[in-house]
Structures are given as C-alpha cells and as structure tokens.
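Survey of secondary and tertiary structure
The chain contents come next:
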Amino acid sequence: MSMVKEALRTEETQTNKGRTVAGIVNSIETLEGGGFLVRRPFPKAAFSDFDPFLLLDEMGPMDVAPGEAKGAPDHPHRGFETVTYMLWGDMEHKDSSGHAGKLRSGDVQWMTAGAGVVHAEMPSGEFMRTGGRMHGFQLWVNLPQRDKMIKPRYQEIPGSRIPKATSPDGMVSVSVIAGEAMGEKAVIETRTPIIYLHYRIKPGGVVNQKVPHDYNAFAYVIDGAGLFGVEDERGADGQMIIFAPDGDEVRIENPPDASATLEALVIAGVPLNEPIARYGPFVMNTEVEIHQAFEDYRRGRMGAINS
Ligand code: FE2
C-alpha cells in the first residue's frame, strides 16, 4: 500500500461518523408505584425494551401540594439495575438488608438489584409535609446472565460528586452520570459499558458526543426542543430519539433561534443480545427463572423491610 493510501486510511479511522436517527418515540403517561404520574417512552405495547435498557420513566416535573407526594411502597427487584436521578424534590430509600438513604436534587442512586432486594422509594417526611417541585428519572439497565444473581450493590453519588463540564464558550454543559463526556469521566461503575449524560445546550450550541459503534444509543428530551442526528431531525420535550447504529458520534443542536435551553439525556449501552423473560419487577433470561424469583420473593428470600 502506498504511503498516501495509508495516510488517507489513518485519517478515515480518526474521523468520527455521525449517526442518523432511526426513529422518534413519544412517551405515554402512566401511573406508577403508589399512584404517581410518569412519562414513559418505553416499555410499551410495541416497544418492550431497548437492549440493554428495560425502562425509562420521567417523574414529573410537577408541583406537589403538601401531603400529596406519592412514592413506591415496598416492592422487589431481581436481575437488573435501577438508576434514579433526581432533578428536583427528594426521595427516601429503604431496603430489605437495612440499607437506607436519601436522594436530593442532583443526586444519583445506581442500585444493582442482582439476586434481589425488597425496597421502598418514598418522598421524605419533610417533602411530604411541605410539598414542592418534583422531577426525576428512573432508568432500568438489564444485567447480563452472568451478573443476574450477584449480591445487591448501591452506588449513591451526591450531585456534588457527579462530574460536570462546560464548554469554553459556555454554550454546552454536561453532567456525567456514566461513561465519558467533554473530558470528564463518571465516578459510577457499571457492569457493562454504559453512557448516561445530562446535557444542557443553549440556543446556538451543538454537541457531538462520541458513542462507540457497538452501543445502542438514544436521547430523551427533558426540556425544550432540538435537532438530532446528521439529518437534523426535530425532537421535543418528552420524546425519545433513537439513533441508528451507523456511526460513532451523536449530534444534538439547539438552533440559534430557539427560545430556551435544550436539556436532554444521552443514554447508550452495549446490547446484551440475550433472551429476556420479564414479569413486573423481575427480569431474567427464562420463564423458569421468573417462577423461581416469585417463589423466592414469596418465601421471604429477598428479605422484608423492618420499619
Ligand atoms: Fe424500585
């Protein structure tokens, strides 16, 4: 091969290729847990999962009156991870092994349920009394077969420890919950490679986020509207933008004439490509394992909360 050809090839491999948009998904509104309203792009009837992700719920944003805050009382999980990211409001967490914690605005809890926990996710007593603004996300990340029965693990990261970066011109800022962005690396460890970023893009700002070829990737618009992918598809508040697996970078632009900051999550992960047997709070590989999960829960093998 000539030197020129070799040089060209090197250049080619160094240039990132932007992904196109494969589809745009609207959220449905549904009641979750003790009766709080969530917006949910998936799962729904025709769209059960986005490997390795099983669910995304946006709680709020809503203004809750005193005494009206709701949560999710005691319930089990097995075989996957729940990731809670609070933007406003707070949440108390208690589980069957005696673990307890509080999530405030900006905090993240990455719970690896593994073999099983029984937990309650409720507004704090104080929030219950005062009410206030409530806004947050819960993402479910599937575990590979080899990790489904591991010991439960919690990573509770206060907002102050979530790495953040802002572009030199101040147009774009990011909170790095998982993966890497704008030179910052997440402090949270994941079982399989995951990217979870919260971008804030001012009008006229553009993001080109590196996402390796083998990751499934999507964006979810928290607020505002913007242009996504190489073909500038429009996506707005409450929509999930699915990127095709045809490049190693995702582009998001908030047009210069936009009236508001665009806020979006960028979430990506390497698909597990394993069979999914799913029933409510249990996600395993086979029906037999789901029956076993029910049996273990019923017999108290996942524990119970002592309150
Ligand atoms: Fe839960």
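All of the points below concern the structure found in this document. (Residues numbered from 1 in each chain as written. Predicted model: local features only at pLDDT ≥ 70, side-chain atom pairs only at ≥ 80, totals over all residues. Heavy atoms only, no water.)

1. Details of the nonpolar core
Across soluble globular proteins, nonpolar side chains have a tendency to be buried as a group. For clarity, the threshold we go by: We define a nonpolar core as any set of buried Ala, Val, Leu, Ile, Met, Phe, Trp, Tyr and Cys residues linked to one another through side-chain atoms lying within 4.5 Å. Per-residue accessibility, obtained with a 1.4 Å probe over protein chains only, is compared with the maximum for each type, and a residue is labelled buried under 20%, exposed over 50%, and partly exposed between these values. Every residue pair with non-hydrogen atoms within 4.5 Å of one another is taken to be in contact.
Counting 28 residues, the largest nonpolar core has Phe53, Trp110, Phe137, Tyr196, Phe218 and Met240 as the members making the most contacts within it. When near neighbours in sequence (up to four residues on either side) are disregarded, Phe53 contacts Phe42, Leu139, Trp140, Val141, Ile194, Asn216, Phe218, Ile267, Ala268 and Gly269.

2. Some remarks on the sheet that holds strand β13 (residues 164–166)
Here is the rule we go by: One requirement defines pairing of two strands: DSSP has to find at least two bridges between them. For the purposes of this entry, the term helix denotes a DSSP run of H or I that reaches at least four residues, the term strand denotes a run of E that reaches at least two, and both are numbered from the N terminus. The axes are straight lines fitted to the C-alpha atoms, using for helices just the contacting stretch, and the angles between their N-to-C directions are given from 0 to 180°.
The 7 strands are arranged β1-β22-β19-β24-β17-β14-β13 in an open sheet whose pairing can be described as antiparallel. Strands at the two margins of the open sheet, each flanked by one partner only, are β1 (21–26) and β13. Between one strand axis and the next, the sheet turns through 20 degrees on average, direction left out of account. The pairing of β1 with strand β22 (residues 239–243) spans 5 bridges and is classified as antiparallel. The residue of β22 that forms the bridge with Ile24 is Ile241.

3. Describing the pattern of salt bridges
So the rule is basically this: Here, a salt bridge means any side-chain nitrogen of Lys or Arg that lies within 4 Å of a carboxyl oxygen of Asp or Glu.
Scanning the entire structure with this criterion turns up 14 salt bridges. Of the charged contacts in the structure, one is a salt bridge between Glu295 and Arg299, with a shortest N-O distance of 2.5 Å. Beyond isolated ion pairs, a larger network of salt bridges with shared partners links Glu32, Arg40 and Asp57.

4. Here we look at unusual backbone geometry
Cis rather than trans, the peptide bond between Asp51 and Pro52 has omega equal to 10 degrees. Tracing the backbone shows Pro52 in the loop between β3 (36–42) and β4 (53–64). For the bond running from Gly60 to Pro61, omega is 5 degrees, close enough to zero to count as cis. Mapped onto the secondary structure, Pro61 falls in strand β4. Its identity as a non-glycine residue notwithstanding, Asp232 has a phi of 55 degrees, on the positive side. One non-glycine residue, Asn273, lies in positive phi territory at about 55 degrees. Tracing the chain through its elements places Asn273 in the loop between β24 (262–269) and β25 (277–279). Overall, Asn273 belongs to the exposed group, its relative accessible area being 66%.

5. Regarding the coordination of the iron ion
What counts is decided by this rule: Nitrogen, oxygen and sulfur within 2.8 Å of a metal are treated as its donors, or within 3.2 Å for sodium, potassium and calcium (Na, K, Ca); water is not counted, so a site can appear incomplete. Every angle between 85 and 135 degrees makes a four-donor site tetrahedral, while opposite donors more than 155 degrees apart, with all other angles between 65 and 115, make a four-donor site square planar and a six-donor site octahedral; other sites are irregular.
Around the iron ion, the donor atoms from the protein are His75 (NE2), His77 (NE2), His119 (NE2) and Glu121 (OE), and they sit 2.1 to 2.3 Å away. Angles of 82 to 177 degrees at the metal separate the 4 donor atoms of the iron ion, which places the site in the irregular class.

6. Remarks on the sheet that holds strand β2 (residues 28–32)
In spatial order, the strands read β2-β3-β4-β11-β6-β9-β12; together these 7 strands make up an open sheet with antiparallel pairing. Each of the sheet's edge strands pairs with one partner strand only, and the pair in question is β2 and β12 (153–157). Strand after strand, the sheet turns through a mean of 20 degrees between neighbouring axes, direction not considered.

7. Brief notes about helix α3 (residues 287–298)
Given 3.6 residues per helical turn, the α-helix brings residues three or four places apart onto the same face. Basically, it comes down to this: A helix is expected to span 1.5 Å multiplied by its residue count minus one. Picture the helix axis, draw a direction to every C-beta atom, and the arc is the one those directions span.
The end-to-end C-alpha distance of α3 is 17 Å, a good match for the 16 Å that 12 residues give at a rise of 1.5 Å each. Taken residue by residue, α3 has Ile290, Ala293 and Asp296 as its buried positions. In an axial view of α3, the angular spread of the buried residues amounts to 125 degrees, which keeps them on one side of the axis. Away from its buried face, by an angle of more than 90 degrees, α3 presents the exposed residues Glu287, Val288, His291 and Arg298. Taken from the residues just after α3, Gly300 is the one with a positive phi, measuring 80 degrees.

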